[in-house]
Amino acid sequence: MNLPNGHVLQNGKYRITHVIGQGGFGITYKGVWYTEVKGSLGTVQTEVPICIKEYFFKDYCYREAESFAVKVHSETGRALFDKFKEKLIKEAKILSEVHHPHIVNVLEVFEENDTAYIAMEYISGCSLKYMMEREGVLPETKVLRYVRQIGEALRFVHEKNILHLDIKPSNILIDSSGKARLIDFGVSKRYDIEQQETSTTMLTLSKGFASIEQYDNEGTQSFSPCPDIYSLGATMYNLLTGKIPTESILRATHPLLKPSELNKDISPKTEAAIIKAMQIIPADRFQT
């Protein structure tokens, strides 16, 4: 299903080294970007490690063995495949304009093999999800440091009327210098000056981290930071307790346990912030 190791893209500009992840909508590869660096000694050819995401809607497509082209099984599938491919390209182009110290940088968006690719910087490190699986519940001081950094990134994208809509520990990487980086804007939405949705993506819901309005097709048609704020609060909850919060849509019948009931070391101030961020009614949450 995936491209073979050593495969080149964009006439040799990029080379794939190996697969690092795959899901229902795409395959992620580690790769190399062949580029030039100009300095006092002149121009030097160099290899930069990068990450390449390939759009591969696995339920509707397959790869031709000889050409490596991505083909669709049916005409019905073709319409859906093309629709989501165009949305992916549009969202990636948005992200390529967004540069922030705590957001992964997109280098280029291009089409090849009858599908779309996003080339982005490679972050050497691990996700908060992997860190928690390895170390257990994280100390509050560490969680607050990472959440503050991701909060700065979110404030930056919200000022540009962009919502991330999939904040969770697996979408936050900690790089080799210990800095948090927000990744995967694949389901983000952009809004115009009147705060009406101008871009839409495939619906995805990360159970336990998605706000209740994300379960409603009309719930995120107008811009509000509140869905991302809920998810950031849910991420704090998960990192400090080791438990995925109760799904927002189920909380009427399955109330959310207070974080301190699962971890007595959580400070009252932090617990209060989590609970406010995770209020079911958007107006009851922090508004920025």
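(A) Focus on the layout of surface pockets. Taken as a whole, the largest pocket encloses approximately 1,200 Å³ of empty space. Lining the largest pocket are 41 residues, with Thr28, Lys53, Asn171, Ile183 and Asp184 sitting closest to its centre. Of all the elements in the fold, those that place two or more residues in the lining of the largest pocket are strand 2 (14-22), strand 3 (26-39), strand 4 (42-55), helix 1 (75-96), strand 8 (115-121) and strand 9 (125-127). Its residues placed into classes, the lining of the largest pocket shows 21 nonpolar, 13 polar and 7 charged. A volume near 770 Å³ is recorded for the second largest pocket. In terms of lining, the second largest pocket is formed by 19 residues, of which the most central are Val147, Arg148, Gly151, Leu232 and Thr288. When contributions to the lining of the second largest pocket are tallied by element, the ones reaching two or more residues are helix 3 (140-159), helix 4 (226-241) and helix 6 (268-277). Partitioned by chemical class, the residues of the lining of the second largest pocket number 10 nonpolar, 5 polar and 4 charged.

(B) How the structure looks around the packing of helix 4 against helix 6. Helix 6 packs onto helix 4 with a crossing angle of 135° between their chain directions and a minimal axis gap of 8 Å. It follows that helix 4 is oblique to helix 6 by the angle criterion. Our pair here, helix 4 against helix 6, has a crossing hand that is left-handed. In this structure, helix 4 contributes Ile229, Tyr230, Gly233, Met236, Tyr237 and Leu240 to the contact, and helix 6 contributes Thr270, Ile274 and Ala277. For the contact of helix 4 with helix 6, the residue count by class is 7 nonpolar, 2 polar and no charged.

(C) Quick look at empty space enclosed by the protein. Evaluation of the coordinates by the stated rule reveals 1 cavity of 30 Å³ or more. Its volume calculated, the largest cavity comes out at about 40 Å³. As for the largest cavity, its lining consists of 10 residues, of which Leu165, Asp166, Ser206, Ala210 and Gln214 are closest to the centre. Partitioning the lining of the largest cavity into residue classes produces 5 nonpolar, 4 polar and 1 charged.

(D) Quick peek at the packing of aromatic side chains. Scanning the model with the defined rule gives 8 aromatic pairs in all. Ring geometry for tyrosine 14 and phenylalanine 110: centres 5.6 Å apart, planes at 10°, overall stacked. Linking tyrosine 14 in strand 2 with phenylalanine 110 in strand 7 (residues 106-112), this pair joins segments that are 96 residues apart in sequence. Accessibility expressed as a relative area gives 5% for phenylalanine 110, which makes it buried. Site record: aromatic cluster; members linked through ring pairs are Phe25, Tyr55, Phe57, Tyr60, Phe81 and Phe84. A cation over a ring is seen here: lysine 276 above phenylalanine 286, with NZ or CZ 5.5 Å from the ring centre.

Rules behind the numbers
- Residues numbered from 1 in each chain as written.
- Predicted model: local features only at pLDDT ≥ 70, side-chain atom pairs only at ≥ 80, totals over all residues.
- Heavy atoms only, no water.
- 1 Å grid on protein atoms, 1.4 Å probe; cavity = no way out; pocket = protein on both sides within 12 Å on 5 of 7 lines; lining within 4 Å.
- Points joined across faces, edges and corners; volume = space filled by probe spheres on them.
- Helix = DSSP H or I, 4+ residues; strand = E, 2+ residues; numbered from the N terminus.
- Nonpolar A, V, L, I, M, F, W, Y, C, P; charged D, E, K, R; others polar.
- Axes fitted to C-alpha atoms, helices over the stretch in contact; angles between N-to-C directions.
- Parallel < 35°, antiparallel > 145°, perpendicular 65-115°, else oblique.
- Left-handed = near helix turned anticlockwise from the far one by under 90°.
- Contact = heavy atoms within 4.5 Å.
- Phe/Tyr/Trp six-rings, centres within 6.5 Å; stacked < 30°, edge-to-face > 60°.
- Buried < 20%, exposed > 50% of the residue type's maximum accessible area, 1.4 Å probe, protein only.
- Lys NZ or Arg CZ within 6 Å of the ring centre and 35° of its normal.

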